[in-house]
Amino acid sequence: MTDSSRQTTPTSRLGKTRRASRPTVAVVGAGAAGVSAAFWLRKQGADVTLFERADSVGGRASTVWRHGFGFDIGAGALPSTNSHVLRLLREVGFDREVTNRGAVIGVLHRGTVQRIARRRPQTIAGFGALSLRSKASLWRLGFDLARMYSAINYEDMSTAAPYDNRTVREYCDVHFNTEVRENLIAPLTRALLLVEPERTSVVDLFAAMKSLLVADHLLTNPNGVAAFLQRAVEGIDVRCNTSILHVTESDGSVDVVVDGATDEPTRFDGCVVALPARNTLEVLPHLDERRRTYLKDLEYSTCIVVNLGISRAPDENASMVLIPRHDDTGLAAVGLGHNLAPGRVPPGGGILTAYWMTKWSQDHWSCEDDELVSLTSATIERLFPGWVTDIEAAHVTRWDPAVVASRPGTFRDLVGFSDQADPQSRVVLAGDYMAQTSVNASVAAGELAATRLARVLTSNYL
C-alpha cells in the first residue's frame, strides 16, 4: 500500500454461512462510496440492492457526452497514490484499461502559464511565478509533509487531529512570504476545496499534496473516471431514479422507505448509507445525537462546473491551470480535459472545464445555463487569449454539496466518530466526510463500511 491506511479488504464470506439463503443488503447512494460498498459486500456473498436517485452511477466522478466530447463533471483523473482505488481497479479487472498520463499543474502568472510536474521537483527551478528566495523557502512544505505523512489516512482523517490547529493562511503567515502564498498555496487550496485559505484547515492542504503532488502519474480512461465504477456494479441490482426517504433499524432488520412507493417498506438484513452529510441526516432520522451533531456542523463547498468543447485545443500541456485570486476571485481553476484523455474529444478538439468558487457559484446559482457558458467563455478568453475557439458543445453542472470544506477543528471533531456507532448496528455509514473528499477516500469509506457490516451480518446470520 502507498499510504498509511489500514488494510480493510473484506475477508469473511457471508455466502458460507449455515443458512441456505444469502443476507440481503441495501446500499443507499451510488457514488464511489456506495459502489465500493456494494461491490465488496457482493463479493462476500451478500444479495445487494443499490439505490441511486440520479439516472446513473458515479456521482461526482461521472462523465457526460455531448457531440463527441466526454465532459468530466467532477473528478477528472485518479492520482497513482490512490491505493484503495487501485485495489478496486484490480478486483474488477479494470486495471489494464486505464492509461497513465503526465501530471503537470499550471499556475497563471502575468498572462502566462507556469508549470510544475509532480514528482519532478527540479521543475520548480523554472517556475516563473516565484523568485529564487521564495523557491528556497519551499523546503518547509516538504519537511511538514514528511512530518504529517503517516497521519493522513484516507479511511479516517481523525489521525491528523494533532495538526488540525490552524488555517492555511495562518500556516503561510508563519513560514512563507506573500508571493508563495498568493502564487502557489492559495491557488492550490482554492482549486481543490473551492474556498479561501483564510478558512481552510492546513490538514487539507497537506492531504491534497500527498494525494496529488506526490503522484507519479494520473490514471484515466477514455470513457471517464466512472467507467470503473460502472464495471464494479455489474451483476448488482441497481435501481436508479429512486430516492430513499428513511432507513430505520428494528427487530434484527432494516426497513428502507422508497419515495413514491405505496407498499410497505422494503426489509433488508443490513444497509450502508453512502451519502453526503446533509442527505445522511435526512434518511437517518434516528442517528445518535453525537454523530448527528458532527454531520450537522460540517460545511461543504458549492461549485458550478462549466465544460466547453472547443474546435481547437490550445497549445498547453498542463492538465489543470490554477487561477490566483488577484487574477480572478471567482474562477478557481481551468481543466484541460483533452490532456487527460485524448479519446474524449473529436480530432484536434479540446475541453476546457471551469471550476467556480463557492461564493461565485452561490451568487450565480439561478443563472440560465447559456448565461453561465457565456460568462465562463468570456472569463477564460480574458485570462487566456485565444484559448476559446469555436464552442461546439457545452455542459453545466451544479454541485451542492460539492466537497467537505474543512475548517480548523473539523478533523479533531472527527475523532471517535466511527467508534460512537453501535458495533452491532445493521446500518453503517460510508460518507465523504471521513477524510478529504476524493474518489479514493470515498472508495475507502465504502470498503470499510462493507467490512463492518459483513462482520455484523456474519455474527448474526450464523
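Computed from a predicted model, the values in this text were never measured in an experiment. (Residues numbered from 1 in each chain as written. Predicted model: local features only at pLDDT ≥ 70, side-chain atom pairs only at ≥ 80, totals over all residues. Heavy atoms only, no water.)

Undergrad: Looking at this model, I keep getting lost on the overall build of the chain. Mind explaining?
TA: Within the chain, the secondary structure is distributed over 15 helices and 20 strands. Relative to the compact-globule value of 23 Å for 462 residues, the chain shows a C-alpha radius of gyration of 22 Å, a close match. Judged by the C-alpha coordinates and their principal axes, the chain covers about 70 × 50 × 40 Å. Split into buried and exposed, the 462 residues of the chain put 61% on the buried side. At a minimum sequence separation of 6, the contacts of the chain that also span at least 24 residues come to 76%. When the accessible area of the chain is evaluated, it comes to approximately 18,800 Å², of which 48% is carbon and sulfur surface. Looking at charge distribution, the chain has the averaged site of its 49 positive side-chain charges lying 7 Å from that of its 52 negative ones. (Helix = DSSP H or I, 4+ residues; strand = E, 2+ residues; numbered from the N terminus. Rg over C-alpha atoms; globule rule 2.2 N^0.38 Å. Buried < 20%, exposed > 50% of the residue type's maximum accessible area, 1.4 Å probe, protein only. Contact = heavy atoms within 4.5 Å. Areas by Shrake-Rupley, 256 points an atom, 1.4 Å probe, with all protein chains shown as cover. Lys, Arg positive; Asp, Glu negative; His and termini not counted. Charge placed at Lys NZ, Arg CZ, Asp CG, Glu CD.)

Undergrad: Help me understand the nonpolar core, please; the structure alone is not making it clear to me.
TA: Among the nonpolar cores identified, the biggest contains 62 residues, and Leu205, Phe206, Val247, Leu295 and Tyr433 are the most heavily contacted of them. Ranked by residue count, the leading element in this core is helix α7 (residues 202–213), at six residues. The residues contacting tyrosine 433, other than those within four sequence positions of it, are Leu275, Pro276, Ala277, Thr280, Tyr294, Leu295, Leu298, Tyr300, Val404, Leu414 and Phe417. Core analysis: the second largest hydrophobic core is formed by 42 residues, Val48, Val85, Val98 and Ala445 among them. (Core = buried A, V, L, I, M, F, W, Y, C linked by side-chain atoms within 4.5 Å.)

Undergrad: Would you mind going over the environment of proline 314 with me for this structure?
TA: Secondary-structure assignment places proline 314 in the loop between β15 (303–310) and β16 (320–322). Among the residues examined, proline 314 registers a relative accessible area of 12% and is labelled buried. Considering only alpha carbons, one finds proline 314 and isoleucine 351, 37 residues apart in sequence, at a separation of 9.3 Å. Proline 314 has contacts with Leu336, His338, Leu352 and Trp387, leaving out every residue within four places of it along the chain.

Undergrad: How should I be thinking about helix α10 (residues 289–297) in this particular structure?
TA: Given 3.6 residues per turn, any residue in an α-helix points the same way as the ones three and four places further on. Among the residues making up α10, those that are buried are Arg291, Arg292, Tyr294 and Leu295. Down the axis, α10 shows its buried residues gathered within 160° of arc, on one side only. Turned more than 90 degrees away from the buried face of α10, the exposed residues are Glu289, Arg290 and Lys296. On its buried face, α10 sits against α9 (277–283), α14 (410–413) and β20 (427–429). (Arc of directions from axis to C-beta.)

Undergrad: How should empty space enclosed by the protein be read in this particular structure?
TA: Rolled over the atoms, a probe sized like a water molecule indicates the empty space that remains. Counted under the stated rule, the structure contains two cavities of 30 Å³ or more. In this structure, the largest cavity spans a volume of roughly 50 Å³. Every residue along the wall of the largest cavity is listed here: Leu78, Leu89, Phe94, Val98, Leu219, Thr220, Asn221, Gly224, Val225 and Phe228. In terms of residue class, the lining of the largest cavity is made up of seven nonpolar, three polar and no charged. (1 Å grid on protein atoms, 1.4 Å probe; cavity = no way out; pocket = protein on both sides within 12 Å on 5 of 7 lines; lining within 4 Å. Points joined across faces, edges and corners; volume = space filled by probe spheres on them. Nonpolar A, V, L, I, M, F, W, Y, C, P; charged D, E, K, R; others polar.)

Undergrad: Before we go on, may I ask you to explain the pattern of salt bridges in this structure?
TA: A full pass over the atoms with the stated rule returns 27 salt bridges. Residue arginine 190 pairs with glutamate 196 through a salt bridge whose shortest N-O separation is 2.8 Å. The partly exposed category is assigned to glutamate 196, whose relative accessible area is 24%. Ionic pairing is found between aspartate 255 and arginine 267, a salt bridge with its closest N-O pair at 2.8 Å. On the criterion of sequence distance, the pair formed by aspartate 255 in strand β12 (residues 253–258) and arginine 267 in strand β13 (residues 266–268) is long-range, its members being twelve residues apart. Take aspartate 255: its relative accessible area is 15%, and that puts it in the buried class. (Salt bridge = Lys/Arg side-chain N within 4 Å of Asp/Glu carboxyl O.)

Undergrad: Even after reading the chapter, I still don't get unusual backbone geometry, so can you show me in this structure?
TA: Most peptide bonds take the trans form, and the phi angle of most residues other than glycine is negative. With an omega of 10°, the peptide bond running from aspartate 400 to proline 401 counts as cis. Looking at where proline 401 falls in the secondary structure, it is placed in the loop between β19 (391–399) and α14. Non-glycine residue asparagine 241 carries a positive phi angle of around 55°. The topology assignment puts asparagine 241 in the loop between β10 (237–239) and β11 (244–250). Here asparagine 241 falls in the exposed class, since its relative accessible area comes to 58%. At aspartate 251, a position not held by glycine, the phi torsion is positive, near 55°. Topologically, aspartate 251 is positioned in the loop between β11 and β12.

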